[in-house]
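For reference, the chains in residue letters:
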Amino acid sequence: MKITYPKIGIRPIIDGRRGGIRESLEETTMNLAKSVAKLYSDTLKYPDGTPVQCILADTCIGGVKEAAICAEKFEKERVGLSLSVTPCWCYGSETIDMNPNIPKAIWGFNGTERPGAVYLAAALAAHNQKGIPAFGIYGKDVQDAGDTSLPEDVKEKLLRFARAGLAVALMKGKSYLAIGSVSMGIAGSIVNPDFLQEYLGIRAEFVDTSEILRRIQLEIYDKNEYEKALEWTRTNCMAHEGEDYNPNHLKHSREQKNKDWEFVVKMTLIMRDLMIGNPKLAEIGFGEESLGHNAIAGGFQGQRQWTDFLPDGDFSETILNTSFDWNGIREPFTFATEDDFLNGISMLFGHLLSNTAQIFADVRTYWSPEAIERVTGWKPEGLLQNGAIHLINSGSCTLDGTGQQSDQSGNPAMKPHWQITDEEVTKMLKATTWHPASLEYMRGGGFSSQFLTKAGMPVTMCRLNLVKGLGPVLQIAEGWTATFPDEVFDIINKRTDKTWPSTFFVPRITEKGRFTDVYSVMNYWGANHGAISYGHIGADLITLAATLSIPVNMHNVNENKIFRPAAWSAFGSDNEGADYRACNNYGAMYK
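The sections below set out a description of the structure shown in this document.

Criteria and thresholds
- Residues numbered from 1 in each chain as written.
- Predicted model: local features only at pLDDT ≥ 70, side-chain atom pairs only at ≥ 80, totals over all residues.
- Heavy atoms only, no water.
- Helix = DSSP H or I, 4+ residues; strand = E, 2+ residues; numbered from the N terminus.
- Buried < 20%, exposed > 50% of the residue type's maximum accessible area, 1.4 Å probe, protein only.
- Contact = heavy atoms within 4.5 Å.
- Areas by Shrake-Rupley, 256 points an atom, 1.4 Å probe, with all protein chains shown as cover.
- Lys, Arg positive; Asp, Glu negative; His and termini not counted.
- Charge placed at Lys NZ, Arg CZ, Asp CG, Glu CD.
- Pairing = 2+ DSSP bridges.
- Axes fitted to C-alpha atoms, helices over the stretch in contact; angles between N-to-C directions.
- Salt bridge = Lys/Arg side-chain N within 4 Å of Asp/Glu carboxyl O.
- Core = buried A, V, L, I, M, F, W, Y, C linked by side-chain atoms within 4.5 Å.

1. Quick notes on the overall build of the chain
Summing up its helical and strand segments, the chain has 19 helices and 22 strands in all. For the chain, the C-alpha atoms occupy an extent of roughly 90 × 60 × 45 Å along the three principal directions. With 591 residues in all, the chain has 59% of them scored as buried. Sequence-distant contacts in the chain: of pairs separated by 6 or more residues, those separated by 24 or more amount to 75%. In the form shown here, the chain has an accessible surface area of approximately 23500 Å², with 48% of it arising from carbon and sulfur atoms. One way to put it: in the chain the 58 positive side-chain charges average out to a point 3 Å from where the 71 negative ones average out.

Written as structure tokens, this is what we have:
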């Protein structure tokens, strides 16, 4: 089914005075808008890998009538964010984008022949007076009149705004699908419909886990795809089944394990169908089920009611979050373990900004250099000299997290799915062992994905938290993946569940505040889970958070990379405090 993605609307703004002034600026102004449109379509991709589409106003906008005509066009074309560009003075409040429900920015050309910067200041002042925040973009260097090139500092802000704005637009109108209820009292799995609706424009959908059993028992899945998926699983996962570490009196028989594999493959098909639907179900008489829940993200409760007697969700969560399955390479789903929707939304933020798969992990243990040496006899060095945080999920993690993909320089990476090769898929599968679940934890069985993430990947960990009386807040930590020598990791791994996937994270330290040292990052983390994205995307996360009026309570992003709406500067000169005050003032976008 063809997906209609939101578009970027570009508004060329012009001095409306005719008889010489407007006429002299028409071509330059429109060409400036076209330059930005080309930057966006050449650089940015939708989640399926197709180029982002831009819609330009039919004419330059010199007054309120042309602004209204443009607004009507944008609404028909499903524009999800708008950028206004101008090389000259224009009429501020008459030409600004007045739609309060989409992110917006203005680029005021830095030139001396015409005062584009003056319009930028006037238009932003109008936005601030009207309570419609907008991002302001102004290049550091003066350009000549008629120059339609884009300076690097302008490009950076244009792209940062667009990535955040597209994330907002892509979430709007979608659903978060919660399969089950609260997992083991984890607060993040207490799905909050009001937050989803008011801040993100996302509907909360709830399905009892019994729906999975119903569909298995009544065979509400594509049987042909099931046979294909099972054969693929036998070849690529069952063939890499790891040692069963369970006590002999608890171990499942080979016959039971084979049945468990069949069961978890069906679970995976059904969870996917619940999220996005499957037209094949209509062909076998299940029209309602074929539609799905329009979910852009979801989660599975699992523990404990389900896992106490049925195979766990580890295989399903792993495959859904991975950039491939039995049908080949595809966009990864965003699917949360233990239905921690706050971590699921954190993963969604990372995915929409980077188009890469996301690691879901427990923020489990801070290993100080002293503790590492005491326990293993090995003195940490290099990246690990100040210790590391052990990120390890209870049996599931995207296989992209193995680090078996490579960037253009041959370094470990996690790439958008359209850049992944079949050879890299094979490497990810070979790097993963599937151990029978620890039956003392997961009494119903299942299979955990086990691997160690390669070192050297730049990554960003984030977490969305809800605080009573404050609302949502976002934490961000940029850093790198690290690994230990094999014999050292073996000792550390045996101190926890050695059947689970491990990623060791070293945040970038600033030697102050919450990033004084590695310990501080662990100590100030606001929940037991974190979402880890490839790349240093902290600045993009900050821009996205501001667009959604979500304050950031800790980050290690360079101050000169922080880009928020212009109004934020009116709330004080302390960046963190101003962020809190501005977010509180403007509130949720859809409230």
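2. Describing the sheet that holds strand E6 (residues 175-179)
Read across the sheet, four strands follow the order E7-E6-E8-E11 without closing on themselves; strand pairing throughout is parallel. Either end of the sheet is taken by a strand with one partner, and the two such strands are strand E7 (203-207) and strand E11 (335-337). On average, each strand axis in the sheet is tilted by 20° relative to the strand beside it, whichever way the strands run. As paired strands, strand E8 (residues 295-300) and E11 are joined by three bridges and run parallel to one another. Bridging across to E11, Gly298 finds its partner in Phe335.

3. What to know about the pairing of strand E21 (residues 529-534)
Among the six residues of E21, six are classified as buried, and the element is accordingly described as predominantly covered. Because side chains alternate across E21, one face comprises the buried residues His529, Ala531 and Ser533, and the other comprises Gly530, Ile532 and Tyr534, equally buried. By the bridge criterion, four bridges tie strand E18 (residues 458-467) to E21 in an arrangement that is antiparallel. Its bridge partner being in E21, Thr460 is matched across the sheet by Ser533.

4. So, the sheet that holds strand E2 (residues 54-56)
What holds strands together in a sheet is hydrogen bonding between their backbones, with the strands either parallel or antiparallel. The five strands are arranged E2-E1-E3-E4-E5 in an open sheet whose pairing can be described as parallel. Edge strands, defined here as strands with exactly one partner in the open sheet, are E2 and strand E5 (135-137). Within the sheet, the average angular offset between the axes of one strand and its neighbour, ignoring direction, is 25°. Across six bridges, the pairing between strand E1 (residues 7-12) and strand E3 (residues 79-86) is parallel. Its bridge partner lying in E3, Arg11 is registered against Ser84.

5. Points about unusual backbone geometry
Put simply, Gln303 and Arg304 share a cis peptide bond, and its omega is 0°. Tracing the sequence through the fold places Arg304 in the loop between E8 and helix H12 (314-321). In this structure, Glu511 is a non-glycine residue whose phi angle is positive, near 65°. One can find Glu511 in the loop between strand E20 (502-507) and helix H17 (518-524). In this structure Glu511 comes out as exposed when scored by relative accessible area, which is 67%.

6. Structural notes on the pattern of salt bridges
Inspection of the entire model under this criterion finds 33 salt bridges. One salt bridge in this structure joins Asp490 and Lys494, with 3.2 Å as the shortest N-O distance. Assessed through its relative accessible area of 52%, Lys494 is described here as exposed. Within the structure, one salt-bridge network assembled from shared partners comprises Glu156, Arg160, Arg163, Asp540 and Lys561.

7. Considering the nonpolar core
In this structure, Tyr40, Trp107, Leu158, Tyr176, Leu196, Leu200 and Ile345 are the most contacted members of the largest nonpolar core, which totals 96 residues. In terms of residues, this core owes the most to one element, helix H5 (residues 152-171), which gives 11 residues. If near-sequence neighbours (up to four positions away) are discounted, Tyr40 is found in contact with Ile8, Ile10, Val52, Cys54, Leu83, Leu158, Leu159, Phe161 and Ala162. One finds Ile216, Phe263, Met461 and Tyr534 within the second-largest nonpolar core, a separate group that totals 61 residues.

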